[in-house]
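Coordinate inspection notes
So you can see what is in the structure, the chains are spelled out below.
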Amino acid sequence: MDDRDLRALLSAVREGRLPRRRFIQILAGLGFTAPMATQLLALSGVAMAQATSTYKPTRRGGGGALKALWWQAPTLLNPHFAVGTKDQEACRIFYEPLAGWDPNGNLVPMLAAEVPSLENGGLARDGTWVVWRLKRDVQWHDGRPFTADDVVFNWEFASDPATAATTSGSYKDVRVEKLDSHTVRVRFQKPTPYWADPFVGTQGMIIPKHLFENFRGAKSREAPANLRPVGTGPYRFVDFKPGDIVRAQLNPNYHLANRPHFDTLEMKGGGDAVSAARAVLQTGEYDYAWNMQVEDEILKRLEEGGKGRAEITHGANIEHMQFNFTDPWKEVDGERSSLKAPHPILTDPAVRQAIALLVDRKAIEEHIYGRTGLATANFLNNPERFRSRNTRWEFNIEKANQVLEAAGWRRGADGVRAKDGRRLKFVFQTSINQPRQKTQAIVKQACQRAGIDIEVKAVTASVYFSSDLANPDTYTKFYTDLQMYTTTMPQPDPERFMNQFCSWEVAQRENKWQGRNITRWRSDEYDRVYRASEAELDPVKRAAMFIRMNDLVIENHVVVPIAYRPRVSAIAHRLRAPLSGWDNDFWNLRDWYREA
Amino acid sequence: MPGSIPASATAEPGAPSRAASRSPWAEAWRRFRRHRLALAGAVLLVLMTLAVIVGPWVWKVPINEIDFAAKLQGPSLAHPLGTDDLGQDLLARMLYGGRISLAVGFASMVIAILVGVLIGAVAGISRGWVDAALMWVTDLFLSLPQLPLLLLVIFLFRDALKNWIGPELGIFVLIVAVIGAFRWMPAARLVRAQFLSLREKEFVEAARALGASTSRQVVRHILPNAMGPVIVAATIDVAAAIVFESTLSFLGLGFPPDVPSWGRLLFDAKDYLDVAPHWALIPGGAIFLTVLAISYMGDGLRDALDPRKVV
């Protein structure tokens, strides 16, 4: 598909010949996220679908206590300093963005009065600006009114390099201006198809100007409100013990009628995923638990207790195996996995293809992940009905043997294949996590049958996923031949997601391993297409380019997708909690209620 | 304890006449045999050791044969100890893992005790600044945060050792050395305390008066009398080392995750306690029995080797 086809599709949707759902489906099959597709539609003059609320209670309060369990505890309560989702979620209790993402990738206005579109004049036709109209009757928890000044301040705050905000990526390249007391305009440096990034979703929570004004830049970490938030959200701050517990109570002046439902809210941190699942599903001590990285079999058994259910939310997270294109065992100028030393074996495409054939995704889905990880050949899988039918995966030991044989890898006396004195022996690392160790065991056994010797290695998650420069075991250093983890896609825009295969993003000592290209695969064609997409003004042409990039990665076996992993939460039976795979779990906390 | 024991062995009635007719080792063996539990412990330990050494040759099921059709099964003819959640045979894994766990346990105990006795003995006999310095070192090691230091040591030496003597042996040596290096301090303190009291006893004074050199005093007279508590400490160390190895594996610093040491098996089984209790009970029981057998043996050995105790 090229940009002409896309344009035809868009006009078909505009004229009503093609249902919008079908359009999103087609684009998803080509490697687009649902939010990306709906934004493309918006830019082409098709309004986003109206999200309907399922909230039932007819009065504010009276819901008692809501007890949520986060097995990683939040450590601070300023959304601009949030490290990881645990902090974002805790902030989301008190703070709101202008809009959030619903499960279908549509924007839901929160502090905004409406979602910008071409019809209401909120969107520029050329994609260079977006105008947000703010809700008028919103108050901060301390009674001060919420205005455009607060929104502009958040941009100033987060884009100041001295603040060192974790959200700075969404704000540093835009300009924000106040049009009137309740209207702001966000200007982009270049036409931006992904216009709903600043002030939206996980990166978009708004903090009050009057409390943070005197704490900009280097002083920003000293603000007392970093630990005692004053927001606009449905619940007000009561108490916070970093690394332990957040307590909140109903906000009597919340800007939506009849909300919120609960009188108090408690977010308790700590423990591990299995014990958190147990507390909700089996003993019923808690109402909600986040991120159930638990084998499905255990979840099912706990659900039998009848106290709660595991709820699956579709996002874009993918568990995948990466090949190292550089030699991790050779030190060049004091650096392992250096670009100057290509991997002696894995640069052979036949070997990569064979290993891809040896990953028994069906067994991994059936016996390890169950509902929480679905076998896939795709990098993009959400929602399920949108899954691409173009790609295939196969588990075939015989074929893998043939591929290796044809490429000249012959079995030695010990059953391990070798060519020119190089043996097919690899070290396969991942983090310590029961399902991952089982996956390693399954891959190892299949590889053994094809004459590939795998040494498995597991690194504790806090080391593996850290950015510790001195540590050789981090996933960004990738000092082994193979590794496996889940790549998350926190932003629905593919530009930042797809740069993980660009040659200038290679993680190496020079950039303190901050580069995003972990496999260190380099392709001139990929680079060329990516560069072109950056300079491309037409969102439709740009879209076609992302499709090409996606194909390049798949054709070349740069990674092996293993299981598409939706988010899983444990929810008490009567609790109704609308979740979304494109936003925080608490994105729509205002609509949470307990059925009578 | 030394303080409460009569200073001279000859003050005990009865013992000398019989002891004269046997060698010291035969005498120790006679005493050991009379300690029923110790004997039972020793037999159990020998059986276990034999099982893990010979077992893998007799029971030839591979330790990593995945069979989902047979997962989480209880004991049966095909799998005498049942299977785990990948359908791997637990008996094969127990036998293989036992080699590792027992080897790690004993080897690191030997290192810890050797280092501990050496440092404790030198400190106890030498007085003055040597004693003070060695005890400072001991206190230093006791107060070091172990895990961060472990991380450091393992990161520094793992790859070097792996390249030098191969991946599995390299990690074995490293783990044994690391556990040994972090567990010698209690033994050193025990030995030093024993030495401080024993070296003032009349029989040591007598030896000194007869012109025995310091090393002879230590080796012939003080050390044998100080061994009782050390042996008990050693038995505790074996148990601690087996458990410590599983801690390291859990942190990803020990053996690779597919090497089924007993601690690793227990860790893997913990989430399945309600549906497949056999999976956790078997390695747990094995560790428990080993530790129990060793500590009874330790009791018996202490009694048997104590020259001043009459059995």
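The shown structure was predicted, so the numbers you read here are calculated from the model rather than taken from an experiment. Positions within a chain are numbered from 1, following the residues in the order the chain's sequence is written. Ligands are numbered from 1 and chains lettered from A, in the order in which they are written. Note on the predicted model: pLDDT of at least 70 is required for a residue's local features to be given, and 80 or more for side-chain atom pairs to be given and counted; whole-chain, interface and lining totals, by contrast, use all residues.

Summing up its helical and strand segments, chain B has 12 helices and 0 strands in all. Helix and strand assignments follow DSSP, with helices taken as H or I runs no shorter than four residues and strands as E runs no shorter than two, numbered in order from the N terminus. Walking chain B from its N terminus toward its C terminus, one meets helices and strands in the order α-α-α-α-α-α-α-α-α-α-α-α. By its C-alpha atoms, chain B is 75 × 45 × 35 Å across when sized along the principal axes. Field definition: a residue is buried when 20 or more other C-beta atoms are found within 10 Å of its C-beta, exposed when 12 or fewer are, and partly exposed for counts in between, with C-beta atoms placed from the backbone. Every one of the 311 residues in chain B was classed for burial, and the buried ones make up 38%. Residues are scored as being in contact if the C-beta atoms we place from backbone atoms lie within 7 Å. Contacts in chain B between residues far apart in sequence, at least 24 positions, make up 71% of those at least 6 positions apart.

To continue, consider the overall build of chain A. For chain A, the count of helices and strands is 17 helices and 23 strands. Only the C-alpha atoms count toward the radius of gyration. The rule for a globule is 2.2 Å times the residue count to the power 0.38. Against the compact-globule benchmark of 25 Å for 596 residues, chain A has a radius of gyration of 25 Å, which places it among compact chains. Each principal axis of the C-alpha atoms in chain A carries an extent, and together these give about 80 × 55 × 50 Å. Across the 596 residues that make up chain A, the buried fraction comes to 51%. At a minimum sequence separation of 6, the contacts of chain A that also span at least 24 residues come to 68%.

Further remarks concern helix H8 (residues 273-282) of chain A. Residues and elements named next belong to chain A. Counting buried residues along H8, 7 of its 10 residues qualify, which places the element largely inside the surrounding structure. Looking at H8, one finds that the buried residues are Ala273, Ala276, Ala277, Arg278, Ala279, Val280 and Leu281. Lining the buried residues of H8 we find strand E1 (65-70), strand E10 (288-289), helix H9 (296-303), strand E11 (308-313) and strand E21 (567-572). Note on H8: the residue one or two positions beyond its end, Gly284, has a positive phi of about 70°.

Residues and elements named next belong to chain A. Paired strands are those between which DSSP finds at least two bridges. Sheet architecture is open: 7 strands sit in the order E7-E8-E9-E1-E10-E21-E11, paired in mixed fashion. Whereas interior strands pair on both sides, the edge strands pair on one side only; in this sheet they are strand E7 (235-241) and E11. Note that E1 and strand E9 (residues 264-269) share 6 bridges and pair parallel. Note on E9: the bridge partner recorded for Trp70 is Gly269. For helices, the fitted line uses only the C-alpha atoms of the stretch in contact; every axis is such a line through C-alpha atoms, and the angle between N-to-C directions lies from 0 to 180 degrees. Against the sheet, helix H4 (residues 84-94) engages E1, E7, strand E8 (245-250) and E9, with an angle of about 20° to E8.

Our focus in this paragraph is the sheet that holds strand E4 (residues 129-133) of chain A. Residue and element names in this part refer to chain A. Spatial ordering of the open sheet is given by E4-E6-E5, a layout of 3 strands whose pairing is antiparallel. Edge strands, defined here as strands with exactly one partner in the open sheet, are E4 and strand E5 (174-180). Ignoring strand direction, the axes of neighbouring strands in this sheet form an average angle of 20°. Of the pairings in the sheet, the one linking E4 to strand E6 (residues 183-188) comprises 5 bridges and is antiparallel in character. Paired with Val131 across the two strands is Arg185, which belongs to E6. The strands that helix H5 (residues 148-159) touches are E5 and E6; relative to E5, the one it contacts most, it runs at about 170°.

Moving on: the interface of chain A and chain B. Bring the parts together and some accessible area is lost; that lost area is often taken as the interface size. Chain A puts 20 residues into the contact, and the matching count from chain B is 13 residues. With 7 residues, helix H13 (residues 434-449) of chain A is the single largest residue contributor to the side of chain A that touches chain B. Polarity classes work like this: nonpolar for Ala, Val, Leu, Ile, Met, Phe, Trp, Tyr, Cys and Pro, charged for Asp, Glu, Lys and Arg, and polar for all others, with Gly in that last group. The residue makeup of the side of chain A that touches chain B, split by class, is 10 nonpolar, 5 polar and 5 charged.

All names here are of chain B. Looking at chain B as a whole, the pLDDT averages 82, with 91% of positions reaching at least 70. The score called pLDDT rates the predictor's confidence residue by residue, from a low of 0 to a high of 100. Long-range and interchain partners of residues 5-19, a stretch whose pLDDT sits below 50, account for 14 contacts in this model, where long-range means more than four residues apart. Here the predicted complex carries an ipTM of 0.71, next to a pTM of 0.75.

Let's shift gears to the packing of helix H4 (residues 90-126) of chain B against helix H5 (residues 128-143) of chain B. All names here are of chain B. Their axes nearest at 7 Å, the elements H4 and H5 cross at an angle of 145°. Crossing of H4 against H5: the hand is left-handed. Facing Ile119, Val122, Ala123 and Ser126 of H4, the residues of H5 in contact are Gly128, Val130, Asp131, Leu134, Met135 and Thr138. Class assignment for the residues of the contact of H4 with H5 results in 6 nonpolar, 3 polar and 1 charged. Crossing handedness is defined as follows: a turn of the near helix away from the far one that is anticlockwise and smaller than a right angle gives a left-handed crossing, while the clockwise case is right-handed.

Moving on to the nonpolar core. The nonpolar side chains of a soluble globular protein tend to be buried, and buried together. To define a nonpolar core, we join buried Ala, Val, Leu, Ile, Met, Phe, Trp, Tyr and Cys residues through C-beta atoms within 7 Å and take the resulting set. In this structure, Leu69(A), Ile93(A), Ala277(A), Val280(A), Tyr288(A), Ala289(A) and Leu358(A) are the most contacted members of the largest nonpolar core, which totals 165 residues. Excluding its chain neighbours within four sequence positions, the residues that come into contact with Ala289(A) are Leu69(A), Ala276(A), Ala277(A), Ala279(A), Val280(A), Ser569(A) and Ala570(A). Core analysis: the next-biggest nonpolar cluster, separate from the first, contains 69 residues, Val52(B), Ile119(B), Val230(B) and Ala286(B) among them.

On to the environment of Ile207(A). All names here are of chain A. Looking at the secondary structure, you find Ile207 in the loop between E6 and helix H7 (209-212). Through-space distance from the C-alpha of Ile207 to that of Glu96 is 8.5 Å; in sequence the pair is 111 residues apart. Leaving out residues up to four positions away in the same chain, Ile207 has contacts with Asn78, Pro79, His80, Tyr95, Asn154 and Phe212.

Residues and elements named next belong to chain B. Position of Pro62 among the secondary structure elements: in the loop between helix H3 (36-58) and H4. Since 14 C-beta atoms lie within 10 Å of it, Pro62 is described here as partly exposed. Taking the C-alpha atoms as reference points, Pro62 and Ala92, 30 residues apart in sequence, are found 6.7 Å from one another.

The next subject is the confidence of the model for chain A. Considering every residue of chain A, the mean pLDDT works out to 86; 93% of them sit at 70 or more. In this model residues 383-388 of chain A is a low-confidence stretch, pLDDT under 50, and it forms 11 contacts with partners more than four residues away in sequence or in other chains.

This part covers the pairing of strand E20 (residues 559-564) of chain A. Residue and element names in this part refer to chain A. Within E20, 6 of the 6 residues are buried, which leaves it mostly tucked inside the rest of the structure. With 5 bridges joining them, strand E12 (residues 318-323) and E20 adopt antiparallel strand pairing. Across the sheet, residue His320 finds its bridge partner in E20, namely Pro561. For strand E13 (residues 374-375) and E20, the ladder comprises 2 bridges, and the chain directions are antiparallel.

This part covers the packing of H4(B) against helix H8 (residues 185-198) of chain B. All names here are of chain B. Their axes nearest at 7 Å, the elements H4 and H8 cross at an angle of 35°. Crossing geometry of H4 relative to H8 is assigned as right-handed. Residues Ala112, Ile113, Gly116, Val117, Ile119, Gly120, Ala121, Ala123, Gly124 and Ile125 of H4 touch H8, and the partners they reach there are Met185, Ala187, Ala188, Arg189, Leu190, Val191, Arg192, Phe195 and Leu196. A per-class count over the contact of H4 with H8 returns 14 nonpolar, 3 polar and 2 charged.

Further remarks concern unusual backbone geometry. Cis peptide bonds are those with omega within 30 degrees of zero, and the linkage from Arg259(A) to Pro260(A) qualifies with -5°. One can find Pro260(A) in the loop between E8 and E9. With a phi close to 50°, Asp333(A) is a non-glycine residue in the positive phi region. Although it is not a glycine, Leu72(B) sits at a positive phi angle of roughly 55°. In this fold, Leu72(B) is placed in the loop between H3 and H4.

Checked against the element boundaries, His79(B) lands in the loop between H3 and H4. Those residues within four positions of His79(B) in sequence are excluded, and the remaining contacts are Ala70(B), Gln73(B), Asp89(B), Leu90(B) and Leu91(B).

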